[in-house]
Amino acid sequence: MMDSSDQWIRERSGIIERRWAATDESVVDMAAIAGANALAAAGVDASDIGTVLCATVTHPYQTPSAAVEIAERLGARAAGSTDLSSACAGFAYGVGIADALIRTGTSEYVLVVGVEKLTDFVDPSDRSTGFIFADAAGAAVIGPSDVAAIGPTLWGGDGTQTEAIILDPDWVTHRKLIAAQVETPWPRLQMQGQAVFRWAVGDIPRVALAAVEAAGLTVDDLDVFIPHQANMRITDSMVRTLKLPERVVVARDIATSGNTSGASIPLAMSRMLEAGEIESGQTALLIGFGAGLSYAAQVVTIP
Ligand SMILES: CC(C)(COP(=O)(O)OP(=O)(O)OC[C@H]1O[C@@H](n2cnc3c(N)ncnc32)[C@H](O)[C@@H]1OP(=O)(O)O)[C@@H](O)C(=O)NCCC(=O)NCCS
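Residues numbered from 1 in each chain as written. Predicted model: local features only at pLDDT ≥ 70, side-chain atom pairs only at ≥ 80, totals over all residues. Heavy atoms only, no water.

(A) Structural view of the layout of surface pockets. One number sums up the size of the largest pocket: a volume of about 1300 Å³. Ala 139, Ala 140, Val 141, Met 269 and Pro 303 are the residues nearest the centre of the largest pocket, which is lined by 49 residues in total. When residues of the lining of the largest pocket are traced back to their parent elements, those giving at least two are α2 (27–42), α4 (90–103), β4 (135–142), α9 (254–257), α10 (264–274) and β11 (294–301). Among the elements that take part in the lining of the largest pocket, β4 stands out by supplying eight residues, more than any other. Partitioned by chemical class, the residues of the lining of the largest pocket number 31 nonpolar, 10 polar and eight charged. Counting residues domain by domain, the lining of the largest pocket receives three or more from each of domain 1 (6–142) and domain 2 (154–301). In this structure, the second largest pocket encloses a volume near 760 Å³. In terms of lining, the second largest pocket is formed by 27 residues, of which the most central are Thr 56, Val 57, Thr 58, Ser 85 and Leu 167. The dominant element in the lining of the second largest pocket, judged by the number of residues it contributes, is strand β6 (residues 165–168), at three residues. Tallied by class, the residues present in the lining of the second largest pocket amount to 15 nonpolar, 10 polar and two charged. (1 Å grid on protein atoms, 1.4 Å probe; cavity = no way out; pocket = protein on both sides within 12 Å on 5 of 7 lines; lining within 4 Å. Points joined across faces, edges and corners; volume = space filled by probe spheres on them. Helix = DSSP H or I, 4+ residues; strand = E, 2+ residues; numbered from the N terminus. Nonpolar A, V, L, I, M, F, W, Y, C, P; charged D, E, K, R; others polar. Domains from an automatic or database assignment.)

Structure representation (structure tokens):
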């Protein structure tokens, strides 16, 4: 589909294979399956969910939200629901907001779903995005606990770099160009790969360390590291900069899942649990980073 090679893609990104949703499979379809699995694993009834948060940038409707439909599909009829548009940082934003909702008593249980169907918004022939992005959903149920199991969330962004990863052209510009009969590409993700790479390896490890410190820990207390699966070289660089002990299990899901943006952290966590690589009760550092540019990180206890 593009002027590239399997060898180049493996070397530069670590991606060997990834999954594309069926053409008739929606973000809501995928999210509802992940959400139902998370409810079953947590042993929580859908009617006890107070809020559904859906981290996605690929739900094809500006309104209504994906979350309201996901809540309906799952039978979470008492739940408030909203989408979070923080791209690859979206799931970690959701965990931070869920934590606050529970601590303030607004919700007893919160379902956080990360879901993307990036194949609908990526040009498969684009050499900077076509080989990276993929489709997936992951979810977690977050609820009350007698012991702290989610550390403080550190989040932020760099609004001077909005163009580093952006849907371009925007829908209004697209509409104007079509009305003026000017040839225009369809709105699809554009990425300045090198700028994003520099930011991810230069600035993001400091955020990760700050999240560990905010939890009252050091990297020696960590068992698991689950960074957003952006690129294997970014993960490798972070592991070196953070000086993680060798025994820390590192998510390397990108090899078989590609970059699934908001879905990548819960997807990796779920797969690592299923494979027996990690276990419930371990201490994990999560960090999401991407379009915005924006980031969020926290230390959690593996559910
Ligand atoms: C996209 C990315 C893999 C590109 O790798 P890179 O090393 O920066 O590649 P460059 O753009 O510097 O290009 C290097 C060379 O590879 C070539 N190239 C670029 N894309 C290519 C592709 N898909 N296949 C083959 N060759 C490619 C370029 O033409 C260039 O060739 P030249 O040296 O002969 O001019 C890398 O920038 C990256 O991973 N960035 C971060 C992306 C990311 O994590 N995004 C998600 C954030 S949430």
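Still more ground to cover, so stick around.
(B) Highlighting helix α5 (residues 171–179). Its side-chain oxygen 2.9 Å from the backbone nitrogen of Val 172, Asp 170 forms the N-cap of α5. Just downstream of α5, Gln 181 is the residue with a positive phi angle, here 55°. (Polar contact = N/O pair within 3.5 Å; in protein donor to acceptor, adjacent residues only side chain to side chain.)

(C) Quick look at the domain arrangement of the protein. Here the protein is described as being made up of domain 1 (6–142) and domain 2 (154–301). Summarising the inter-unit geometry, the C-alpha centres of domain 1 and domain 2 are found 14 Å apart. Counting residues at the interface gives 40 residues for domain 1, matched by 37 residues for domain 2. Buried area between domain 1 and domain 2, summed over both chains or domains, comes out near 3000 Å², and the portion from carbon and sulfur atoms is 65%. Its largest share of buried area at the contact with domain 2, domain 1 owes to Cys 88, Tyr 93 and Phe 121, together 21% of the area lost on that side. Counting the contacts that link domain 1 with domain 2 gives zero salt bridges. (Contact = heavy atoms within 4.5 Å. Buried area = accessible area lost by both parts, 1.4 Å probe. Salt bridge = Lys/Arg side-chain N within 4 Å of Asp/Glu carboxyl O.)

(D) Representation of the nonpolar core. With 42 residues, the main nonpolar core has Leu 222, Phe 225, Leu 244, Leu 285, Ile 287 and Phe 289 as its most contacted residues. Residue assignment for this core shows that the elements contributing at least two residues are β7 (188–191), α6 (193–202), α7 (204–214), α8 (232–242), α9, β10 (283–290) and β11. Residue-level mapping places this core at the junction of two domains, with at least three residues from each of domain 1 (6–142) and domain 2 (154–301). Of all hydrophobic cores here, the second largest spans 28 residues; its members include Leu 101, Val 224, Met 269 and Met 272. (Core = buried A, V, L, I, M, F, W, Y, C linked by side-chain atoms within 4.5 Å. Buried < 20%, exposed > 50% of the residue type's maximum accessible area, 1.4 Å probe, protein only.)

(E) Just the pattern of salt bridges, in detail. Scanning all chains against the criterion turns up 13 salt bridges. Arg 103 is the partner of Asp 99 in a salt bridge, and the nearest nitrogen-oxygen pair spans 2.9 Å. Placement of both Asp 99 and Arg 103 in helix α4 is noted, with a separation of four residues, approximately one turn of the helix. Here Asp 99 falls in the buried class, since its relative accessible area comes to 14%. Across the pair Asp 223 and Arg 247 runs a salt bridge, and its minimum N-O distance is 3.6 Å. Of this pair, Asp 223 sits in the loop between α7 and β8 (224–227) while Arg 247 sits in the loop between α8 and β9 (249–250); the two residues are 24 residues apart in sequence, bridging distant segments of the chain. Via salt bridges that share partners, Asp 29, Glu 69 and Arg 73 belong to a single interconnected network.

(F) Quick peek at the sheet that holds strand β3 (residues 109–117). Read across the sheet, four strands follow the order β2-β1-β3-β4 without closing on themselves; strand pairing throughout is mixed. With one partner strand each, in any of the chains shown, β2 (80–84) and β4 form the two edges of the open sheet. Geometrically, the sheet is characterised by an average inter-axis angle of 15° between neighbouring strands, direction not taken into account. Packed on one face of the sheet, α2 meets β1 (49–55), β3 and β4 and runs near 35° to β4. Across the sheet, α4 lies against β1, β2, β3 and β4, angled at about 165° from β3, the strand it touches most. (Pairing = 2+ DSSP bridges. Axes fitted to C-alpha atoms, helices over the stretch in contact; angles between N-to-C directions.)

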